[in-house]
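Next come the chains, spelled out residue by residue.
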Amino acid sequence: HEKITQFHHHALKLLESPAGTMTGGAAWADLGHCAIKLGDLPLAEEVFKKGLNVPTIFMYMERPRLLAGSALLALAQGELDKATRRAESALALTKEKQMQHFFPLTHATMAKVLAARGESESALAAFGQVEAAALKMGMRPALWEAQLAIAELLEQAGQSEKARRKRAQARITIEEIAAFFQDEILREAYLASTLEKIAG
């Protein structure tokens, strides 16, 4: 965690140069999403704000990802209305521009917002769309996260057996990802940290 945080701030410093700022849209999106996973909300807020407002080469290409990240940030900060608006904007833009590579992310963001609003059935349907899109495009990280989210919603609905089967699918997906690791130490570290998340 500490090492990743150091890299984040080093990257942020590099992006302060004129060339870095000009091409910063994609990097700010990367940094923001990673910062949210680490719980570094101040950094996420800083880079998403830059990505959405500072003119760069990639600001329009990355806008759905930046909006989705901003929605997840608002969700983490307890701003449900803002999270909803940003998630809807991200999803609408992705559909309007047919940016299919962002479909899993923007649908997953909307699904998380729906779940936070207590709209479990709608969230389940949205995560189902994420699963279908991720499976079609071979996006395994998005796939197992959707499968896990579906399992959790099924458990909440009292459908334990369906939840168990969906967790088993998520485990298979994770093991498929791990098979691509050539470094055995990294592979085992990935499996240990990721399978812990699906233990149910």
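Located above this text is the structure these notes cover.
Residues numbered from 1 in each chain as written. Predicted model: local features only at pLDDT ≥ 70, side-chain atom pairs only at ≥ 80, totals over all residues. Heavy atoms only, no water.

Asks: How should I be thinking about the packing of helix α3 (residues 24-38) against helix α4 (residues 41-53) in this particular structure?
Replies: Any two packed helices are characterised by the angle at which their axes cross and by the distance between the axes. One can describe the packing of α3 onto α4 by two numbers: an axis separation of 8 Å at closest approach and a directional angle of 155 degrees. Looking at the two axes, α3 sits roughly antiparallel to α4. The element α3 and its partner α4 pack so that their crossing is left-handed. Only L43, A44, V47, F48, K50 and G51 of α4 make contact with α3, whose side of the interface consists of W28, A29, L31, G32, H33, A35 and I36. Looking at the contact of α3 with α4 residue by residue, the class counts come to nine nonpolar, three polar and one charged. (Axes fitted to C-alpha atoms, helices over the stretch in contact; angles between N-to-C directions. Helix = DSSP H or I, 4+ residues; strand = E, 2+ residues; numbered from the N terminus. Parallel < 35°, antiparallel > 145°, perpendicular 65-115°, else oblique. Left-handed = near helix turned anticlockwise from the far one by under 90°. Contact = heavy atoms within 4.5 Å. Nonpolar A, V, L, I, M, F, W, Y, C, P; charged D, E, K, R; others polar.)

Asks: Explain the nonpolar core to me, please; I cannot follow it from the model alone.
Replies: Residues A87, M110, V113, L114, F127 and V130 are the most contacted members of the largest nonpolar core, which totals 21 residues. When residues of this core are traced back to their parent elements, those giving at least two are α5 (63-76), α6 (80-96), α7 (103-116), α8 (120-137) and α9 (140-156). In terms of residue count, the dominant contributor to this core is α9 (six residues). The next biggest cluster of nonpolar side chains, apart from the first, holds 19 residues, and it includes L43, L66, L72 and A90. (Core = buried A, V, L, I, M, F, W, Y, C linked by side-chain atoms within 4.5 Å. Buried < 20%, exposed > 50% of the residue type's maximum accessible area, 1.4 Å probe, protein only.)

Asks: Can you help me understand the environment of G24 in this one?
Replies: Its location among the elements puts G24 in helix α3. According to the relative accessible area criterion, G24 is buried, its value standing at 0%. Linking G24 and L12, residues 12 residues apart in sequence, is a C-alpha distance of 9.4 Å. Among all residues touching G24, those that are not within four sequence positions of it are L15 and T56.

Asks: I tried to follow unusual backbone geometry on my own but got confused; where do I start?
Replies: Phi is mostly negative for residues that are not glycine, and the peptide bonds are mostly trans. The residue Q98 is not glycine, and still its phi comes out positive at about 55 degrees. You can see Q98 is positioned in the loop between α6 and α7.

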